[in-house]
Amino acid sequence: QVQLVESGGGLVQAGGSLRLSCAASGRTFSTYGMGWFRQAPGKEREFVADISAIGITKKYSDSVKGRFIVSRDNAKNTVYLQMNSLKPEDTAVYYCAARLGGTSYNYDVWGQGTQVTVSS
């Protein structure tokens, strides 16, 4: 069983930066890709970023491209989301997720989420 725990959320002013972490349990972290999603009040869950098993391939939504950077440290079983130039519209609960199928983009396991609030 893989379990994910997000951390690092908080309150930040517009234009500021924040780094989220997602710690994974288990022994095979380096074998599967990870994604970040977010859900703002009154909106559907939105894809944010994805990183492949060893970190070579990264994908971003258009709304965060150029501002956010996804990375991972497989030795620490942790994936990160560095968020720069934050905007009020980035306010949401952020979730990390694991896609255990490798080439599949079905996300099988989800964390509990961490709140990010960007003030204007």
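Everything quoted here is computed from the prediction, not taken from an experiment.

(A) Quick look at the overall build of the protein chain. Broken down by element type, the protein chain carries 0 helices and 11 strands. For the protein chain, the C-alpha radius of gyration of 13 Å lies close to 14 Å, the compact-globule estimate for 120 residues. Projected onto its principal axes, the C-alpha positions of the protein chain cover 40 × 25 × 25 Å. Going through the 120 residues of the protein chain one by one, you find that 45% of them count as buried. In the protein chain, the share of contacts with a sequence separation of at least 24, taken over all contacts with a separation of at least 6, comes to 53%. Counting only carbon and sulfur atoms, one obtains 49% of the accessible surface of the protein chain, whose full area is about 6200 Å². One way to put it: in the protein chain the 13 positive side-chain charges average out to a point 5 Å from where the 9 negative ones average out.

(B) Quick peek at the state of the cysteines. Within this structure, the stated rule accounts for 1 disulfide. Paired through a disulfide, cysteine 22 and cysteine 96 show a sulfur-sulfur distance of 1.9 Å. Taking the torsion about the S-S bond as the criterion, the cysteine 22 to cysteine 96 disulfide, at about 55°, is right-handed. Taken together, the residues cysteine 22 in strand β3 (residues 18–24) and cysteine 96 in strand β9 (residues 92–99) connect sequence positions 74 residues apart. Accessibility classification places cysteine 22 together with cysteine 96 in one group, the buried group.

(C) Just the sheet that holds β3, in detail. Read across the open sheet, the 4 strands follow the order β1-β3-β8-β7; overall the sheet is antiparallel. Either end of the sheet is taken by a strand with one partner, and the two such strands are β1 (4–7) and β7 (68–73). Strand-to-strand, the axes of this sheet are offset by a mean angle of 15°, without reference to chain direction. In this structure, β1 lies alongside β3, joined through 4 bridges in antiparallel fashion. Each residue of the ladder has a partner; that of valine 5, found in β3, is alanine 23.

Cut-offs applied
Residues numbered from 1 in each chain as written. Predicted model: local features only at pLDDT ≥ 70, side-chain atom pairs only at ≥ 80, totals over all residues. Heavy atoms only, no water. Helix = DSSP H or I, 4+ residues; strand = E, 2+ residues; numbered from the N terminus. Rg over C-alpha atoms; globule rule 2.2 N^0.38 Å. Buried < 20%, exposed > 50% of the residue type's maximum accessible area, 1.4 Å probe, protein only. Contact = heavy atoms within 4.5 Å. Areas by Shrake-Rupley, 256 points an atom, 1.4 Å probe, with all protein chains shown as cover. Lys, Arg positive; Asp, Glu negative; His and termini not counted. Charge placed at Lys NZ, Arg CZ, Asp CG, Glu CD. Disulfide = S-S within 2.5 Å. Pairing = 2+ DSSP bridges. Axes fitted to C-alpha atoms, helices over the stretch in contact; angles between N-to-C directions.

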